[in-house]
Structures are given as C-alpha cells and as structure tokens.
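Residue-level structural notes
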Protein chains: 2
Amino acid sequence: MLRECGVDHVKVEPLAERLAVTKGSFYWHFKNRNDLLRSLPEFWARSQTDPVVAHVETTAGSAIDKMRAILEFIAREDPDRYDNAMRAWAIFDPEVAAAVAQIDDRRMATVRALFEGAGLNPDDAAFRARLWYFYDVGEHVTRDTPVSVEERLERAQHRLKLLTSDLD
Amino acid sequence: MLRECGVDHVKVEPLAERLAVTKGSFYWHFKNRNDLLRSLPEFWARSQTDPVVAHVETTAGSAIDKMRAILEFIAREDPDRYDNAMRAWAIFDPEVAAAVAQIDDRRMATVRALFEGAGLNPDDAAFRARLWYFYDVGEHVTRDTPVSVEERLERAQHRLKLLTSDLD
DNA sequence: CCAATACCATACGCCGGCGTATGTTATAGT
DNA sequence: ACTATAACATACGCCGGCGTATGGTATTGG
C-alpha cells in the first residue's frame, strides 16, 4: 500500500482486509498505526541490502569496469516504486528523511570509492559520485512514462562516458 | 498545506479553519475536494513562470556564461518545498506526474538549448541537460539537512566545470 | 429602492478509520 | 488433562472529514 498509494494510505482497516484478517488481529502485532509506520523505514532499509553493492563486489576488473557493471545492473532492474514511496514520504517526515539519507549516503559511498579507485582525489570523487547518484534519483523520481531497457542502457553508456572521459 | 504535509493533508475543513472561514464557504468556490485538488497542478504550473528562464534571457554572454548565471541563481534561491510536494504527489498520481513532467521538460529544454549553443549536437546536449537537471532534482529531493549557500555555490561551480570542461 | 447575485455561516447526516474490550480457538508445556 | 499464551475474531464507541440543505448579509445593477 505504501508503494502504490503512499504513507497516508497505509491504514489499519484496509490493510487488514487486504490481508484477509480483521483489525483485531492487527492490534496484536502492532501497538497502533503509528507503531507500524515507524517500523517501516527500518524494514525498508533492511530490504535494501543493496544488490548493487553486492554486485559490484563480485565484479572483477578496473574501477570503470565496475561502474559499467553497476550501470547495466541498474538499467536492467525494473524501477523500484518502493524507493519512490519512501522518498515521497521522506519529503514530509524528517525521521524518514534521515533513514533515506542514510541509504543514499551508503550508495554514494560505493560510487565515490570507485571514482577514487579510478584516480580522483576524495573531493572530486565525492562530487562526481553525487552527480552520478542524483542522476539515478532524478530518473526514478521523474519517471512518469516508462522507458525501455534499451533506452536505459544507452543512457547508461552515455553517462559513463561523460563522467569518466578524463580518467583511465 | 500541500507544501508542508502533502496532498493527503489538503482537507476541506482544516483548510477552512486555517483561512478562518467555514467550509460552507469552501463549497461555494469549489464543487468538492477533488475539484480543488485537480486545480492545484495548473495553479502550481502557473506559479512556475520560471524565474530561471526569465533570468537566462536577460543574461548576456556566451552559453556557458548563461549556464553560470543559472547555477548561481538557483544556488541562491531557497529550496522550493512546493516543488517537492508536487513531486511527492506525482509519484502516486499519473495526472500530476504529467503536469510535473511538462515543467521538467520545459526547464530541461532551456539547459539543452544552452548546451547546443555551446556547440554540442542535439543528442549530446539533451543528455547533458538531463544530467544537469537531474542533479538539481536529486539535490532538492534528498535535502533532509539544509546546506549553506556557500556550499551550494561551490558545488555549482564544480558542476559547471565538470559538464563543460570539453567545450568552449 | 429592490431584487438578484455573490459570498459566507449554521446545522445536519453519513462514512471511514482508530482504538479498545472482550470473546474464541489452537498449540505447547508440564 | 489442564492451563498459559499466541493468534485471531467480534463488536462497540468515538472522531474527523465529506457533502448538502438551508439561511443570512452585503453589494450592485436596473
């Protein structure tokens, strides 16, 4: 329900009906609605045992090779509406914003390390990782019309070229 | 209320109280709540008579000079929570998504034109504009902790350098 | 001057969702 | 076999928000 309609539609009774139980049962597992909501960010964060991070660690080759691997991996993944839902929530809830920011930082750190591995100094690497990562965020957040995998792959190549043309 | 809490908190009675009128009065101006909501995207779009576009047109100099002008302008602007609210809304509402996408396209087109003016072919210019613009989106959407103007200005310079280093 | 219209208030019925109090069943430990 | 506890169901009271019906006031054109 969070994914499809946003936090404000995560409500006890509709949720119970969807699970084919009664709300009496809900209040056995959660103290109240707020208790459920506060448990969601952690639940989400745990589900983000980043396949990306795992994927980059199993990839051999240079830093740029790994970057290419990441980009292809992400391009093939179908866009994660869960991420978007959390981000939408985070806009109005500082606690959630902090949780999301933590994940963002972790992901950016991965990319930053790769740029450092490609020879950039920490500052430049950090900024280039921001540029890299924010592009992902922008693509996800603004995706009102779906884009084909081919299109995404092509853009990924373009991005890699642009962000690493001065390296090697 | 949209800005501060999101669409789902745009409700008739709280709204009426905030305006120190009764809801009877509300239903004179709007058919119902949905009528109000559907009027909001257009209202927002109209408020986006882009100061940025206006600003770039009054700036003299080369394409890159104009880019610099844009970046400085945006860096000094305080982050627009209205934009974020619309974006959060758009995630769950295709109609709103279309409205926001229209604004996004318009803004990107401005940047794209500048990159073309700097000598890039349409495709490269389009992609680089995406990279440029999505960075803005990412910075706004992920801003849980505020950043100083100086920091933003420095990042703007960094961005300009990175995205135009091969031009001139 | 008065009636039409714009604008707002009052008052009501309704429903969805919250939380609680209390029952019911199944399972496991002793 | 008995009880404790986990997991669910039933049933209620409450409130916030929606929409409607109706009444009031003020301004304005004829």
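We now turn to the structure provided with this report. The structure displayed is predicted, hence computed values, not measured ones.

1. Looking at the interface of chain A and chain B
How large an interface is tends to be reported as the accessible area lost when its parts come together. Taken together, the contact pairs 37 residues of chain A with 37 residues of chain B. A buried area of about 3,200 Å², summed over both sides, lies between chain A and chain B, and 72% of it is on carbon and sulfur atoms. It is Ile-91, Phe-92 and Phe-127 of chain A in chain A that bury the most area against chain B; as a group they hold 21% of the surface buried on that side. Our count for the chain A to chain B interface comes out at 2 salt bridges. Residues Arg-130 of chain B and Glu-139 of chain A are paired through a salt bridge, measuring 2.8 Å at the closest nitrogen-oxygen approach. Linking chain A with chain B are 9 residue pairs in polar contact (both at pLDDT 80 or more), by the criterion used here. At 12 residues, helix 9 (residues 122-141) of chain A tops the list of elements feeding residues into the side of chain A that touches chain B.

2. Some thoughts on the environment of Asp-144 of chain A
For Asp-144 of chain A, the position within the fold is in the loop between helix 9 and helix 10 (149-164). As a C-alpha pair, Asp-144 of chain A and Arg-128 of chain A span 16 residues in sequence and 26 Å in three-dimensional space. Once you skip the residues sitting within four places of it in the chain, Asp-144 of chain A turns out to touch Ala-97, Ala-98 and Ala-101 of chain B.

3. Observations regarding empty space enclosed by the protein
Summary: where empty space remains is shown by rolling a probe the size of a single water molecule over the atoms. Scanning all chains against the criterion turns up 2 cavities of 30 Å³ or more. In this structure, the largest cavity occupies an estimated 160 Å³ of space. Elements supplying a minimum of two residues to the lining of the largest cavity: helix 6 (63-76), helix 9 and helix 10 of chain A. Its residues assigned to classes, the lining of the largest cavity comprises 6 nonpolar, 1 polar and 8 charged. Those elements giving two or more residues to the lining of the second largest cavity turn out to be helix 7 (81-90) of chain A together with helix 7 (81-90) of chain B. Tallied by class, residues from the lining of the second largest cavity come to 6 nonpolar, no polar and 2 charged.

4. Thoughts on the protein's contact with DNA strand D
Among the 15 residues in the neighbourhood of DNA strand D, the closest are listed as Thr-22 and His-29 of chain A together with Val-12, Glu-13 and Lys-23 of chain B. Counting only atoms of DNA strand D within 4 Å of the protein, the fraction found in sugar and phosphate groups is 58%. Mapped by element, the contributors of at least two residues to the surface near DNA strand D are helix 3 (23-29) of chain A together with helix 2 (12-18) and helix 3 (23-29) of chain B. Sort the elements by how many residues they give to the surface near DNA strand D and helix 3 of chain A lands first, with 5 residues. A per-class count over the surface near DNA strand D returns 5 nonpolar, 5 polar and 5 charged.

What counts, and where the lines are drawn
- Residues numbered from 1 in each chain as written.
- Chains lettered and ligands numbered in written order.
- Predicted model: local features only at pLDDT ≥ 70, side-chain atom pairs only at ≥ 80, totals over all residues.
- Heavy atoms only, no water.
- Contact = heavy atoms within 4.5 Å.
- Buried area = accessible area lost by both parts, 1.4 Å probe.
- Salt bridge = Lys/Arg side-chain N within 4 Å of Asp/Glu carboxyl O.
- Polar contact = N/O pair within 3.5 Å; in protein donor to acceptor, adjacent residues only side chain to side chain.
- Helix = DSSP H or I, 4+ residues; strand = E, 2+ residues; numbered from the N terminus.
- 1 Å grid on protein atoms, 1.4 Å probe; cavity = no way out; pocket = protein on both sides within 12 Å on 5 of 7 lines; lining within 4 Å.
- Points joined across faces, edges and corners; volume = space filled by probe spheres on them.
- Nonpolar A, V, L, I, M, F, W, Y, C, P; charged D, E, K, R; others polar.
- Near = heavy atom within 4 Å.

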